[in-house]
Amino acid sequence: MGMNGPGTRSLPAVPQKEGIMAESQQYRLSVPVDASQAADFKPNHPVKVVAYPKRGEARESVVSLGANGKATASFTFDEAPGAVQVALGPESVSADELKNLQTITANVPASSWTAAREVTIPVVPISTYYWRWWLHWCRSFKVTGRLVCSDGSPVAGATVTAYDVDAWWWWTSQEQVGTALTDASGSFEIDFTRCCGWFPWYWWDLRYWAVDPYLVDQISAVLKRNPGFGRLPAAIPAPSLDVFQKLLASSAKTTRAGVLANAVRPAGNLVDTTVDPDALTDLRDQLLNVLPREFPLPIWPWYPWYPWFECGANLIFKATQVCSGQTQTIVSQTIADTNWDVSTTFNVTLTTNDQACCAYSCGDDCPEGNCIVPTEICDIIVGSIGGNLGAPASKPSQIGLYAPGTQDRPFAGNVDIIGLFGSLVNVDYYEFQYATSAAGPYQPLPQPAVGGFDRSVLVTLPGPSFSWPTVAFPATQISDGTIMRNVIETITHYQNNHGPQEWNTENYNLLVVLQSLNNLLNGTYYLQLVGYVRPGYTGDLALANTDNPGNPGILAICDPYRGDKKENNWWVVTLDNQAPGDTDPSSIPNGGNQPCGLHTCTDQPTSAILQLAILHQDGSSTVIQGCQTISINCTDQLQIDFAAYDPDGFLDSYSLLTLYGLDESVDLLGLTASYFGPSPIAPSWAPPTSQVGPDYPTALSQLASSPVWSGGSIRLTVSATAAFPTTCAYLLQLNVYKRPIVDCDDDDAQRNLSYESFTIQNNCSSS
């Protein structure tokens, strides 16, 4: 298609007499322009003129039109340039952009240079249409903003990138328009210019299209409201108008043959299909007769779409940051987050995910005084954990458990202990001591149980640029002159020796990682922080002055009511770790029949399939053994005896499924049961239970006494044909879960699994 647009002219050159130029080897092209007849003309307005020679690089010149609306652009060439194309546009457009925009152009034939070295083409007039268009052709955008964490703290040293998004149907294209680095306050600025008036084919060729899962879901949801559309074709990566054939076929009004023939250029396969943008208008008219009238996003075909003429910007943002040595994606907006048609001055606040390094600030929560506030255990507010500061009254058995009376969850593995020092605390190192009762006596935690950690600190480098390297805060053994203490350095002491720092908010208030597994017996423990001073990094520890008479070195809890009696700090936590080794009474080494493998040889919790039997209508029964083939009839019942048991009393839930075919399953606990209660064949290591659950809240409703639910041996009897709906090979799977929060992660880390496979011949099924 070349450059020829609506303003293109092929002009005869006006040869110049040989004169001074005859002594030069250069060639000169003069392009007079005239905007005097354009409405709204303003003098001194710059116009860019670009010459594109057949041979050599483009030449560009910016001319300022005088009061008479006229000016001349001149270009020189070291050799005859051959045919030259000339294009006019506003000053803000680059030479590369101008040649692909629909604008005023002129052609200088190669023959013009045969008779003369200096050529002046006829005056190129600038019409009102182009003059007015050029005023809005390129827009300069200034995007300012801040990058913050969810608590509002600034994110420094992150790279923020802005993308202009185009979307039609379920395909999107993202064009990077600018990038910036956030400063120490999290602020950034991105400046960019966008031009419009492209040739559609050129604009389209610059875009890389991809299927957007969000748009696929949204469009599918809208079309499902009309069952006449049927099932949509798969969303292939490259745009293809074949996707619309079923939609058009669903309407009697459509004449899709001609539309699709013009809109889709022939291709070897769908991935290579090329879309002709000029045909989209006709196709849109057809689709609007078929599709629902409304759609939640302003995309084609619900909205007109001529992006090659669109000068605005639809922005999304992404941000990355090098945090603790790892590059993390901390903002990743999608089409659902698009800022549509933003103004040329646009301000935005971006909130990161939890992977960002954020500058710490305690804000309005900064406590005053020589004291400490126990705040969290494993990022759980201590007031949600029985027996801690601010927690409601609990039974003694609920002390140290999260959500006492409802969830009753103990802790296991590595347990984060978190607190906030008061503004007047003068502590260089601290030690955690523990006791099994609030009154004590307290003794230092064993050395293996005291876990250190790393914090990230902001470093400003020349440029400026920023990084977040880690600083280790290990558990260190230092003598107090009598014994070795397992202590951790405070941030205040570190800064006294290394200067003020900007710290990452993530674990600023972390005090110790309690490494409980294999280091502390299961049970309830009270933890207390004791402060020490040691200027510099040599010498012995001495107890810190904590303004707490009778309790040297022990920080009191910060209390806004100064007249209240001082109360020593404490955190209380209940631990329930799995015992090491094979503690499973149902395992083969311990006299049972379960091998260790997918089934974990632990009794915390125990899972075991005790017996499977088919109960027949005549009163007889058939016991199912693994790998057997069993026939069932319409009136048969399936009887399952199984154990879901935790001797520690912290059972959470269990599930019982039959798996068969291709990803098919039956939830046996969801079937109508003729019996669901204690098993009469319970082994000694899993006693029968009347609180069958199958989960802790249900067990509480069955009169289990908080916080204890051990489960036990259970019998379930259901319809055999409901459990085994067709003739097939089946896998019976029992999953058992405990309640502990392991390594501060709210998951089901303490679990067990038992399974048994067999084949069922269903004589009642039509299969």
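Preceding this section is the structure that the text describes.
This section reports on the structure supplied with the text. Note that the structure is a prediction, hence the values are computed from the model and not measured.

Concerning the overall build of the protein chain
If you tally the helices and strands in the protein chain, you get eleven helices and 49 strands. Along the first, second and third principal axes, the C-alpha atoms of the protein chain reach 115 × 85 × 45 Å. The contacts of the protein chain with a sequence gap of at least 6 include a subset with a gap of at least 24, amounting to 72%. Positive and negative charge centroids in the protein chain, built from 39 and 72 side chains respectively, lie 13 Å apart.

Regarding the side chain of Gln750
Here Gln750 is to be found in the loop between β48 (741-742) and β49 (751-762). On the accessibility criterion, Gln750 (5% relative accessible area) is buried. With sequence-adjacent residues up to four places away left out, Gln750 is seen in contact with Ala412, Asp576, Asn577, Gln578, Gln604, Pro605, Val736, Tyr737, Lys738, Pro740 and Val742.

Some points on the layout of surface pockets
Quantified by volume, the largest pocket comes out at close to 1,200 Å³. Around the largest pocket sit 37 residues that line it, and Glu376, Asp379, Thr505, Glu506 and Asn507 are the ones nearest its centre. Those elements giving two or more residues to the lining of the largest pocket turn out to be β21 (371-377) and β24 (414-421). When grouped by side-chain class, the residues that make up the lining of the largest pocket number 15 nonpolar, 15 polar and seven charged.

Details of the sheet that holds strand β11 (residues 138-148)
Taking strand neighbours across the sheet as the criterion, the three strands line up as β14-β11-β20 in an open arrangement whose pairing is mixed. Looking at strand neighbours, the two that pair on one side only are β14 (187-195) and β20 (345-351), the edges of this open sheet. Taken pair by pair, the neighbouring strands of this sheet meet at an average axis angle of 25°, ignoring direction. Two elements, β11 and β20, share seven bridges in a ladder whose sense is parallel. Bridging from a neighbouring strand, Leu147 pairs with Leu350 of β20. Its contacts with the sheet put helix α3 (residues 128-137) on β11 and β14, and the angle it makes with β11 is roughly 15°.

A word on the nonpolar core
Counting 83 residues, the largest nonpolar core has Leu29, Val33, Val49, Trp168, Trp169, Phe244 and Leu247 as the members making the most contacts within it. Setting aside chain neighbours within four positions, we find Val33 in contact with Val49, Val63, Leu65, Gly69, Lys70, Ala71, Leu88, Val123, Val124 and Ile126. Counting residues in hydrophobic clusters, the runner-up holds 41 residues, among them Tyr430, Ala449, Leu555 and Ile741.

Focus on the state of the cysteines
Inspection of the entire model under this criterion finds seven disulfides. Covalent S-S linkage joins Cys323 and Cys357, the inter-sulfur distance amounting to 1.8 Å. Taking the sign of the S-S torsion, 65° for the link of Cys323 and Cys357, the bridge is right-handed. Of this pair, Cys323 sits in strand β18 (residues 315-323) while Cys357 is found in the loop between β20 and β21, placing the two residues 34 residues apart along the sequence. For Cys357, a relative accessible area of 0% translates into the label buried. Put simply, Cys362 and Cys366 are joined by a disulfide, and their sulfur atoms are 1.6 Å apart. Between Cys362 and Cys366, the S-S torsion sits near 85°, and that sign places the bridge as right-handed. Under the relative-accessibility criterion, Cys362 is labelled partly exposed at 21%. Between Cys627, a cysteine without a disulfide, and Cys728, which holds the nearest cysteine sulfur, the sulfur-to-sulfur distance is 15 Å.

With respect to the packing of aromatic side chains
Ring pairs (aromatic) are described by centroid distance and by the angle formed between their planes. The tally for this structure, following the rule as stated, stands at 38 aromatic pairs. Ring plane angle 80° and centroid distance 5.7 Å describe the contact between Phe244 and Trp300, whose orientation is recorded as edge-to-face. Of the two residues, Phe244 sits in the loop between α5 (213-223) and α6 (245-249) while Trp300 sits in the loop between α8 (280-288) and β18, which places them 56 residues apart along the sequence. For the pair Phe244 and Trp300, one class covers both residues: buried. Relative to Tyr730, the ring of Phe724 has its centre 4.9 Å away and its plane inclined at 70°; by these criteria the two rings are edge-to-face. For Phe724, a relative accessible area of 1% puts it in the buried group. Residue Tyr730 is classed as buried on the basis of its relative accessible area, which comes to 2%. Above the ring of Tyr163, the side-chain terminus of Lys318 is found at 6.0 Å from the ring centroid.

A short note on the environment of Ser92
For Ser92, the position within the fold is in the loop between β7 (84-90) and α1 (95-98). Looking at Ser92, the relative accessible area reads 42%, which means it is partly exposed. With 669 residues separating them along the chain, Ser92 and Gln761 place their C-alpha atoms 79 Å apart.

Quick notes on α8
Three or more residues of α8 are buried, namely Leu280, Leu283, Arg284, Gln286 and Leu287. Projected down its long axis, α8 carries its buried residues within an arc of 165°, all on one side.

Digging into the pattern of salt bridges
Tallied over the full model, the rule gives 14 salt bridges. A salt bridge links Arg485 to Asp480; the nearest nitrogen and oxygen atoms lie 3.1 Å apart. Assessed through its relative accessible area of 14%, Arg485 is described here as buried. Take Asp480: its relative accessible area is 22%, and that puts it in the partly exposed class. Among the ionic pairs, Asp576 bridges to Lys738, the shortest N-O distance being 2.6 Å. Taken as a pair, Asp576 in the loop between β38 (571-575) and β39 (606-615) and Lys738 in strand β47 (residues 728-738) lie far apart in primary sequence, 162 residues in all. Exposure class is identical for Asp576 and Lys738. Each is buried. Salt bridges linked by common partners bring Asp164, Asp166, Glu175, Arg194 and Arg207 together as one network.

Section: the side chain of Gln733
Mapping Gln733 onto the fold places it in strand β47. Every residue in contact with Gln733, bar those within four places of it in the chain, is listed here: Ser655, Leu656, Leu657, Leu659, Leu753, Ser754 and Tyr755.

Remarks on the sheet that holds β18
Here we have five strands laid out as an open sheet, ordered β15-β13-β12-β18-β19, and antiparallel in their pairing. What marks the edges here is a single partner per strand, and that holds for β15 (210-211) and β19 (326-332). Taken together, the seven bridges between strand β12 (residues 158-168) and β18 define a ladder with antiparallel strand orientation. When the sheet's bridge partners are listed, Thr161 is paired in β18 with Lys318.

A closer look at the pairing of strand β40 (residues 621-624)
Sheet topology note: the β39/β40 ladder contains four bridges and is antiparallel. Its bridge partner being in β40, Leu612 is matched across the sheet by Ile624. Hairpin connection between β39 and β40: a loop of five residues separates the two successive antiparallel strands, and Gly619 in this loop has a positive phi of roughly 95°.

Definitions and cut-offs
- Residue numbering note: each chain is counted from 1, following its sequence as written.
- Local features are withheld for residues below a pLDDT of 70 in this predicted model, meaning they are given only at 70 or higher, and side-chain atom pairs are given and counted only at 80 or more; totals for whole chains, interfaces and linings count all residues.
- With hydrogens and water set aside, each side-chain value is computed from the structure's full complement of heavy atoms.
- Here a strand is any run of E in DSSP of at least two residues, a helix any run of H or I of at least four, and the numbering for each starts at the N terminus.
- Every residue pair with non-hydrogen atoms within 4.5 Å of one another is taken to be in contact.
- His is not counted here, nor are the chain ends, while Lys and Arg score as positive and Asp and Glu score as negative.
- Every charge is mapped onto a representative atom, which is NZ of Lys, CZ of Arg, CG of Asp or CD of Glu.
- Relative accessible area decides the class of each residue, using a 1.4 Å probe on protein chains only: under 20% of the type maximum gives buried, over 50% gives exposed, and in between gives partly exposed.
- Cavities and pockets were defined on a 1 Å grid built from protein atoms only: a cavity is a group of points that admits a 1.4 Å probe but offers it no way out, a pocket is an open group of points flanked by protein on both sides within 12 Å along at least five of seven lines, and a lining residue is one with an atom within 4 Å of any such point.
- Grid points are joined across faces, edges and corners, and a volume is the space filled by probe spheres set on the points.
- Ten residue types, Ala, Val, Leu, Ile, Met, Phe, Trp, Tyr, Cys and Pro, are classed as nonpolar, four, Asp, Glu, Lys and Arg, as charged, and the remainder, Gly among them, as polar.
- Strands were regarded as paired on the criterion that DSSP finds at least two bridges between them.
- In this description, a line fitted to the C-alpha atoms serves as the axis of each element, helices being fitted only across the stretch in contact, and the angle between N-to-C directions of two axes falls anywhere from 0 to 180 degrees.
- Definition used in this section: a nonpolar core is a set of buried Ala, Val, Leu, Ile, Met, Phe, Trp, Tyr and Cys residues joined via side-chain atoms within 4.5 Å.
- Note on terminology: pairs of cysteine sulfur atoms within 2.5 Å are recorded as disulfides.
- Note on aromatic pairs: the rings of Phe, Tyr and Trp (six-membered ring only in Trp) are paired at centre separations within 6.5 Å, and the planes decide the class, stacked below 30 degrees, edge-to-face beyond 60, tilted for the rest.
- As a reminder, the over-ring test applies to NZ of lysine and CZ of arginine, requiring each to be within 6 Å of the ring centre and within 35 degrees of the ring normal.
- Throughout, the arc means that of the directions going from the helix axis to the C-beta atoms.
- For this analysis, a salt bridge means a side-chain nitrogen from Lys or Arg found within 4 Å of a carboxyl oxygen belonging to Asp or Glu.

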